[in-house]
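Notes for the structure review
The chain contents come next:
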Amino acid sequence: MTYCTFCRIVSGDEPAEVLYEDETVICFRNRLRWVPVMLLVIPKEHRSQEELWRNLGHVGEVAIEVGIKHCPNGFRLLSNVGHDAMQSQHHGHVHVLGGTFLGEYA
């Protein structure tokens, strides 16, 4: 496998502000700050976006829970899949965005 930033975060070899972690899922703050709350929820096991979204399972449950906790007025869940959608990490992940009004152009 090629270099994977998210696998390195899971192994503790890269720093991250971890907000949730259990045996199979980890949630941490995105380094990008386009909106006040930008979290990433990932499976600890390396999977592609396609594999993750075909069975979101516990990752989806955690995304909802951290969204409710950190964005009580509402949040958006999304993922970029593929080059044309600007997917920058091959490790499957869900973005949790919120902390502000996500108007029609956000």
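If you're wondering where the values come from, they're calculated on a predicted model, not measured in any experiment.

Some points on the environment of Ser-48
Within the secondary structure layout, Ser-48 lies in the loop between β3 (37-43) and α2 (49-54). On a C-alpha basis, the gap between Ser-48 and Thr-100 in space is 29 Å, while along the polypeptide they are 52 residues apart. Setting aside residues up to four positions removed in sequence, Ser-48 forms contacts with His-90 and Gly-92.

A look at a nonpolar patch on the surface
There is a patch of nonpolar side chains on the surface, built from Ile-64, Ile-68 and Leu-77 and spanning about 230 Å² of accessible area. Note that Ile-68 resides in helix α3 (residues 57-70).

Here we look at the sheet that holds strand β5 (residues 94-98)
Spatially, 5 strands are ordered β1-β2-β3-β5-β4 in an open sheet, and the strand pairing comes out antiparallel. The open sheet has two edge strands with one neighbour each: β1 (18-21) and β4 (75-78). When strand polarity is set aside, the average angle formed by the axes of neighbouring strands in this sheet is 20°. Bridge count for β1 against strand β2 (residues 25-29) is 3 bridges, and the pairing is antiparallel. The partner of Glu-21 across the bridge, within β2, is Ile-26.

Section: unusual backbone geometry
Residue Met-86 is not a glycine yet carries a positive backbone phi of 70°. Its place among the elements puts Met-86 in the loop between β4 and β5.

Observations regarding the environment of Gln-87
Tracing the sequence through the fold places Gln-87 in the loop between β4 and β5. On the basis of relative accessible area, Gln-87 is assigned to the buried category, the value being 17%. Apart from residues no more than four positions distant in its own chain, Gln-87 is found in contact with Gln-49, Asn-80, Val-81 and Gly-82. Within the local environment of Gln-87, its side chain forms a polar contact with the backbone oxygen of Gln-89, the two atoms lying 2.8 Å apart.

Quick notes on the rules
Residues numbered from 1 in each chain as written. Predicted model: local features only at pLDDT ≥ 70, side-chain atom pairs only at ≥ 80, totals over all residues. Heavy atoms only, no water. Helix = DSSP H or I, 4+ residues; strand = E, 2+ residues; numbered from the N terminus. Contact = heavy atoms within 4.5 Å. Patch = residues over 30% accessible without salt bridge, like charges linked within 9 Å, V, L, I, M, F, W, Y side chains within 5 Å. Areas by Shrake-Rupley, 256 points an atom, 1.4 Å probe, with all protein chains shown as cover. Salt bridge = Lys/Arg side-chain N within 4 Å of Asp/Glu carboxyl O. Pairing = 2+ DSSP bridges. Axes fitted to C-alpha atoms, helices over the stretch in contact; angles between N-to-C directions. Buried < 20%, exposed > 50% of the residue type's maximum accessible area, 1.4 Å probe, protein only. Polar contact = N/O pair within 3.5 Å; in protein donor to acceptor, adjacent residues only side chain to side chain.

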